[in-house]
Amino acid sequence: MSHASKSAIFARIRAANGHRSGDPLAEWESIPRDYRTCGALGFEDRIKLFDERIRHYDGTPFYSTGDIAADLANVLSERRKHHLVVPLEFPQSWLPAGFSFTRDENLSKQQLDIVDGVLTTCTLGIALTGTVVLESSPQQGRRAATLIPDYHLCVLRKDDIVELVPEAIRRLEPIKDRPLTFFSGPSATVDIEMTRVRGVHGPRTLDILLV
Amino acid sequence: MSVHVGNAESAPPFPEAAHNALGDRQLRANVRNATDLIQAKRNRMTGELPDWEQLRSAGQAIKTHTLRHLDFYLEQFEENVTHAGGHVHWAADADEADQIVTRIVQDRQGREVIKVKTMTSNEIRLNEYLEQNGITPHETDLADLIVQLGNQSPSHIVVPALHINRTQVRDIFRAKLPLPELGIENLTDDPSQLAEAARLYLRQKFLSVDIGISGANFAVADTGGVVIVESEGNGRMCLTLPDVLISVVGIEKIVPTFQDLEVFLQLLPRSATGERMNPYNSLWTGVTPGDGPSEFHVVLLDNGRTQVLLNREGRDALNCIRCGACLNVCPVYHQTGGHAYGSVYQGPIGAIITPQLQSLEHSRTLPFASSLCGACYDVCPVKINIPEILIQLRGEIVRDEQSSAGGKLKIENLGMHALALFFSHSGLMSKAEAMARFAQRSFIHGGVITDLPGMLRGWTESRDLMPIPKTSFRHWWKAHGKESAE
Amino acid sequence: MRISLFITCYNDLLFPDTGIAVVNLLERLGHSVIFRSAQTCCGQMHYNTGYQRETIPLVRKFADIFRDDEIIVCPSSSCVAMIRDHYEKVALLADDATLVAKVKEIVPRVFEFTELLTDRFELEDVGAYYPHKVAYHPSCHGLRMLRLGDRPIRLLRHVEGIELVDLLNSTECCGFGGTFAVKNAETSSAMLQDKIRCILDTGAEVCTAADNSCLMHIFGGLHRQKQPVKTVHLAQILAATRKYAQ
């Protein structure tokens, strides 16, 4: 049944488009793209912009002192988070003592539901929009792990911050068929009278440690 | 083939539906407040970008190009989804799509499904079909949940509960949510509290229901990837936690490449909610072992879209990325809200897509529900020339009516033809003017016309009209001995 | 210069004073005006209402009547928009290559009234005197289709004695929309009501625009509500002088 429908649909598409000659790929190449594809900001300004934009959407940036484990310990203490999930290959040396970390060995939804939060690295950040991008990987974890817990602490390298969205997309090209999640601040809704309300589903607090 | 666009085929004509909406002061206030707010944010965020116009041009070019080669890209998409472990199904119309989705759920003995916001599912009336087959669909978008619990229908593409204010939401939740079970007493109308109530209620569903249904904002041909753009996180819940995921995707959602997302992920959030980026974008391809559903289905839907492709100008309506900016800026929508359009798709875009999907057999009053002010065209992120398409559709409807004897004899048609005749022959113009001056006499009271007959009655219900002046311009010109040129 | 006036059907019949003002002003500025009496209508109402075929003879007529005129001025942005945006389409619909060529040739010679003054004559001060409080309503065709921008405002600012007040939500449609005003009368009225409220909030004595279609609509509501605010076409304000009050 589905195959008959496919043929019918394609027949109608072809009838509507006429018999076009023309290579779609060549035509696609020639689409004018006059929007910005390259940022103009220097390194420091990029970080500053990222900081400002992350805060605008209620994410909180922290800055590394150089000792990542100590930095993470400070943030977690400040936030009073004690028991966190970490992806399988999150660097062991970054995990501070005095907290409880559980490796995500296929934890159940219910197990993810009872931890204080999740700690991951991430792929890149976008300064203009205050966005952090995660890919599904052993260092960054599965998507469920950054979804069910209420708190997400993310380690982002300053070198991995780009200015513009096109720069980010082009950097992601090699891994474009992996599950990717873009985070721009914690969960929010404007569905009730257009009033932005924080935290419906997904982590209600997003912290980023910049290293 | 049975194309359905929600319940549009049985919707009342726009003027009638508008009458009801216009009488609802609360609705109009809610709509006005909400659209003013989004518009202000949208203007700020698009004004911020120095390359906004270039992005719009690129968006238009990419979409138009895709439609021209739609078969090529759909083929590519299917190949890549299948290669990545997903299943692709093709649905010629709404009924077929409903059947395919239901069959997949039944094959897994599913009794409940969790749904991410998708207007496509409203278009094909999926919830009703599932319920008829003993399957309970749970809407998980806050607005869709409010609308579902309140037994209403969505009134806006992006913020479907825009017509409902906080007090009304509170009342709906009090009536329909198991508040004591959720540990909530004395629910107020504070939006944070309301959102929290919804969060607790839905969380139970997310952690237990095994089948998720979504739509798609974009379907990427060169990867077989699907993109969901959202704010709340319920999308992520439905896309990653269940075992089985079914995405119902209109064939026009295809974009050629992953790279093209660099354009649309800028155009959409700024236009839709006035944000630089919405909180969550989820992109995935097929099935990823160990992460997310172990079974993924895409149902590619026609349901009249190939019909729309036949219209040379009207097909641009398929470029729409569902941002809702045209609704927010439309002065007609401001007054009537979305329900008056009688369709899943409302406002300016609704007025051009709804009748076209149905081959102009229904929703024929929608193309006339516009003053052609052009504000929608100015804000459309992919530059759909909505006013132009409205005029074209009006032309098709008029020509269709003129093709029947009854249609030819309609007063409007006769009147328009008579006018065209007068305008074609300047000799007749003067005579026509004299006739009009004579005919108006009985309608002038106290120096003004307050009561016109027939089709023109609508004007004088709320507006006066000055009588035709004694001397027309051409008579003044002649009388002043001015040189008359032929 | 010799300026050919396209008065438009509804101005001819309902708002002759606007045409008279245009003539007076142009003559005052030292130009001569000609009026081709064979002219009738641009066809916009038919075109927009779906009677596109029926506008073919009107386009032919326009192209024929004005074929020799170097400058054609029209005090109605909606009519100019019809000519600029749609005449070629109608000629193509008629499948008439000669007509297409004629249209392409004549369209650049058609000017909306404020365009003529600011672009062609490079004027902003036309020596007008109009000591009243005035609110300017930008009609949709002028604003979005012709992109008149601030031309009307620049002209109004230089009028001696005028007090220009800002209109809130000025770019929102007044609700006329041609046959829309009748086919969707209730919605049209609701839109008008919002526009009127904004006008009344300014305390203006006069509401002006570059289009009498909008003004006819706005006046209709104001008068029904017994409001004293007058509606006056922009041309009439610009034509007013100390000697010849409008």
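Please read these numbers as outputs of a predicted model, since none were measured by experiment. (Residues numbered from 1 in each chain as written. Chains lettered and ligands numbered in written order. Predicted model: local features only at pLDDT ≥ 70, side-chain atom pairs only at ≥ 80, totals over all residues. Heavy atoms only, no water.)

1. Description of the overall build of chain A
Then, in step 1: Secondary structure assignment for chain A yields six helices and twelve strands.
Then, in step 2: Computed over the C-alpha atoms, the radius of gyration of chain A is 21 Å, more than 25% above the 17 Å expected from 2.2 N^0.38 for a compact globule of 211 residues.
Then, in step 3: Seen through its C-alpha atoms, chain A measures out along the principal axes to roughly 70 × 45 × 40 Å.
Then, in step 4: The buried share of chain A, taken over its 211 residues, is 57%.
Then, in step 5: For chain A, the exposed area adds up to about 8,900 Å²; of that, 49% sits on carbon and sulfur atoms.
Then, in step 6: If the 26 positive side-chain charges of chain A are averaged to one point and the 28 negative ones to another, these points end up 5 Å apart. (Helix = DSSP H or I, 4+ residues; strand = E, 2+ residues; numbered from the N terminus. Rg over C-alpha atoms; globule rule 2.2 N^0.38 Å. Buried < 20%, exposed > 50% of the residue type's maximum accessible area, 1.4 Å probe, protein only. Areas by Shrake-Rupley, 256 points an atom, 1.4 Å probe, with all protein chains shown as cover. Lys, Arg positive; Asp, Glu negative; His and termini not counted. Charge placed at Lys NZ, Arg CZ, Asp CG, Glu CD.)

2. What to know about the interface of chain B and chain C
Then, in step 1: With 70 residues of chain B in contact, the opposing surface of chain C contributes 66 residues.
Then, in step 2: Here chain B meets chain C over a buried area of about 5,900 Å², counting both sides, of which 57% is carbon and sulfur.
Then, in step 3: The salt bridge partner of arginine 474 of chain B is aspartate 12 of chain C, with a shortest N-O separation of 2.7 Å.
Then, in step 4: Summed over the shared surface of chain B and chain C, the result is 34 residue pairs in polar contact (both at pLDDT 80 or more).
Then, in step 5: Taken together, the residues of the side of chain B that touches chain C break down into 31 nonpolar, 22 polar and 17 charged. (Contact = heavy atoms within 4.5 Å. Buried area = accessible area lost by both parts, 1.4 Å probe. Salt bridge = Lys/Arg side-chain N within 4 Å of Asp/Glu carboxyl O. Polar contact = N/O pair within 3.5 Å; in protein donor to acceptor, adjacent residues only side chain to side chain. Nonpolar A, V, L, I, M, F, W, Y, C, P; charged D, E, K, R; others polar.)

3. Brief notes about the sheet that holds strand E7 (residues 206–209) of chain C
Residue and element names in this part refer to chain C.
Then, in step 1: Read across the open sheet, the four strands follow the order E6-E5-E7-E8; overall the sheet is parallel. Across the chains shown, the open sheet's two edge strands, defined by having one partner strand only, are strand E6 (163–165) and strand E8 (230–233). Neighbouring strand axes in the sheet, compared pairwise and without regard to direction, differ in orientation by 35° on average.
Then, in step 2: Note: strand E5 (residues 133–136) against E6, three bridges, orientation parallel. Across the sheet, residue valine 134 finds its bridge partner in E6, namely leucine 164. (Pairing = 2+ DSSP bridges. Axes fitted to C-alpha atoms, helices over the stretch in contact; angles between N-to-C directions.)

4. Looking at the environment of asparagine 30 of chain B
Residue and element names in this part refer to chain B.
Then, in step 1: Looking at the secondary structure, you find asparagine 30 in helix H2 (residues 25–47).
Then, in step 2: Separated by 134 residues in sequence, asparagine 30 and isoleucine 164 have C-alpha atoms that sit 6.8 Å apart.
Then, in step 3: Ignoring sequence-local partners within four residues, the contact set of asparagine 30 consists of Leu162, His163, Ile164, Asn165 and Gln168.

5. Side note on unusual backbone geometry
Then, in step 1: For arginine 80 of chain A, which is not glycine, the phi dihedral falls at a positive 55°.
Then, in step 2: Under the relative-accessibility criterion, arginine 80 of chain A is labelled exposed at 75%.
Then, in step 3: Of note in this structure, glutamine 109 of chain B is not a glycine but carries a positive phi near 50°.
Then, in step 4: Within the secondary structure, glutamine 109 of chain B sits in the loop between helix H5 (94–107) and strand E2 (112–115).

6. Regarding helix H3 (residues 52–68) of chain B
Then, in step 1: A rise of 1.5 Å per residue sets the reference length of H3 of chain B, with its 17 residues, at 24 Å; its end C-alpha atoms lie 25 Å apart and thus fit the reference within 8%.
Then, in step 2: Three or more residues of H3 of chain B are buried, namely Trp52, Leu55, Arg56, Ala58, Gly59, Ile62, Lys63, His65, Thr66 and Leu67 of chain B. (Expected span 1.5 Å × (residues − 1).)

7. A few points about the environment of threonine 208 of chain C
Residues and elements named next belong to chain C.
Then, in step 1: With respect to the helices and strands, the residue threonine 208 is situated in strand E7.
Then, in step 2: A residue is classified by how much of its surface remains accessible, and threonine 208, at 0% relative accessible area, is buried.
Then, in step 3: For the pair formed by threonine 208 and valine 165, sequence separation is 43 residues and the distance between their alpha carbons is 11 Å.
Then, in step 4: Among the polar contacts listed, one links the side chain of threonine 208 to the backbone nitrogen of leucine 234, at a separation of 3.1 Å.

8. Brief notes about the interface of chain B and chain A
Then, in step 1: The interface of chain B with chain A comprises 100 residues on the first partner and 75 residues on the second.
Then, in step 2: Summing both sides of the interface, chain B and chain A together bury roughly 7,700 Å²; the carbon and sulfur share of this comes to 58%.
Then, in step 3: Inspection of the region where chain B meets chain A yields twelve salt bridges.
Then, in step 4: For aspartate 51 of chain B, the salt bridge is made with arginine 36 of chain A, and the minimal N-O distance between the two is 3.5 Å.
Then, in step 5: Applying the counting rule to chain B against chain A returns 31 residue pairs in polar contact (both at pLDDT 80 or more).
Then, in step 6: No other element matches helix H10 (residues 191–208) of chain B, which puts eleven residues into the side of chain B that touches chain A.
Then, in step 7: Relative to strand E9 (residues 280–285) of chain B, strand E9 (residues 180–183) of chain A is paired through four bridges, and the arrangement is antiparallel. Along E9 of chain B, the bridge assignment pairs threonine 181 of chain A with serine 282 of chain B.

9. Thoughts on the sheet that holds E2 of chain B
One key point about sheets: their strands pair by backbone hydrogen bonds, in either a parallel or an antiparallel sense.
Residues and elements named next belong to chain B.
Then, in step 1: If you walk across this open sheet you meet the six strands as E1-E10-E7-E4-E2-E3, and the pairing is parallel. The sheet is open, and its two edges are formed by strand E1 (87–91) and strand E3 (136–139), each paired on a single side. Strand after strand, the sheet turns through a mean of 25° between neighbouring axes, direction not considered.
Then, in step 2: Note: E2 against strand E4 (residues 211–214), two bridges, orientation parallel.

10. Re the pairing of E9 of chain B
All names here are of chain B.
Then, in step 1: Taken across its six residues, E9 has six buried, putting it largely inside the fold.
Then, in step 2: The side-chain alternation of E9 yields two buried faces, one formed by Tyr280, Ser282 and Trp284 and the other by Asn281, Leu283 and Thr285.
Then, in step 3: Note that strand E6 (residues 225–230) and E9 share six bridges and pair antiparallel. Bridging across to E9, glutamate 230 finds its partner in tyrosine 280.

11. Some remarks on empty space enclosed by the protein
Then, in step 1: According to the stated counting rule, one finds twelve cavities of 30 Å³ or more in the structure shown.
Then, in step 2: Considered as a void within the structure, the largest cavity measures approximately 590 Å³ in volume.
Then, in step 3: Elements with a contribution of two residues or more to the lining of the largest cavity: strand E10 (188–189) of chain A together with helix H6 (119–123), E6 and helix H12 (261–272) of chain B.
Then, in step 4: Classifying every residue of the lining of the largest cavity by side-chain character gives 18 nonpolar, nine polar and nine charged.
Then, in step 5: Taken as a whole, the second largest cavity spans an internal volume of roughly 130 Å³.
Then, in step 6: Counting only elements with at least two residues in the lining of the second largest cavity, the list comes to helix H15 (331–336), helix H16 (347–357), helix H17 (375–379) and helix H18 (386–402) of chain B. (1 Å grid on protein atoms, 1.4 Å probe; cavity = no way out; pocket = protein on both sides within 12 Å on 5 of 7 lines; lining within 4 Å. Points joined across faces, edges and corners; volume = space filled by probe spheres on them.)

12. Observations regarding the packing of aromatic side chains
Then, in step 1: Under the defined criterion, the tally for this structure stands at 20 aromatic pairs over all chains.
Then, in step 2: Judged by centre distance (5.7 Å) and plane angle (75°), the ring pair of phenylalanine 90 of chain A and tryptophan 94 of chain A falls under edge-to-face.
Then, in step 3: Ring centres of phenylalanine 6 of chain C and phenylalanine 62 of chain C lie 5.1 Å apart, and the angle between their planes is 80°; on these two criteria the pair is classed as edge-to-face. Linking phenylalanine 6 of chain C in the loop between strand E1 (2–5) and helix H1 (9–14) with phenylalanine 62 of chain C in helix H4 (residues 56–65), this pair joins segments that are 56 residues apart in sequence. Summarising the burial analysis for this pair, phenylalanine 6 of chain C and phenylalanine 62 of chain C share the class buried.
Then, in step 4: Taken together, Phe473, Trp476 and Trp477 of chain B together with Phe35 of chain C form an aromatic cluster joined through their ring pairs.
Then, in step 5: The ring of phenylalanine 10 of chain A is capped by lysine 6 of chain A, whose NZ or CZ atom sits 5.4 Å from the centre of that ring. (Phe/Tyr/Trp six-rings, centres within 6.5 Å; stacked < 30°, edge-to-face > 60°. Lys NZ or Arg CZ within 6 Å of the ring centre and 35° of its normal.)

13. Some thoughts on a nonpolar patch on the surface
Then, in step 1: Residues Ile411, Met455 and Leu456 of chain B make up a contiguous nonpolar surface patch of about 300 Å² in total accessible area.
Then, in step 2: Relative to the elements of secondary structure, isoleucine 411 of chain B occurs in helix H20 (residues 411–424). (Patch = residues over 30% accessible without salt bridge, like charges linked within 9 Å, V, L, I, M, F, W, Y side chains within 5 Å.)

14. A look at the layout of surface pockets
All names here are of chain B.
Then, in step 1: Size it by volume and the second largest pocket reaches roughly 820 Å³.
Then, in step 2: Asn122, Val147, Gln152, Ser153 and Pro154 are the residues nearest the centre of the second largest pocket, which is lined by 38 residues in total.
Then, in step 3: Among the elements of the structure, H6, helix H7 (126–132), E3, helix H8 (142–149) and H10 are those that each provide at least two residues to the lining of the second largest pocket.
Then, in step 4: Residue contributions to the lining of the second largest pocket peak at five residues, all from H8.

15. A look at the packing of H4 of chain C against helix H6 (residues 97–106) of chain C
Residue and element names in this part refer to chain C.
Then, in step 1: Contact geometry of H4 with H6 gives a least axis separation of 10 Å together with a crossing angle of 55°. Classified by the angle between their axes, H4 and H6 sit oblique to one another. Two packed elements cross with a definite hand, and for H4 against H6 that hand is left-handed. Only Leu99, Lys102, Val103 and Ile106 of H6 make contact with H4, whose side of the interface consists of Val59, Arg60, Phe62 and Ala63.
Then, in step 2: In terms of residue class, the contact of H4 with H6 is built from six nonpolar, no polar and two charged. (Parallel < 35°, antiparallel > 145°, perpendicular 65-115°, else oblique. Left-handed = near helix turned anticlockwise from the far one by under 90°.)

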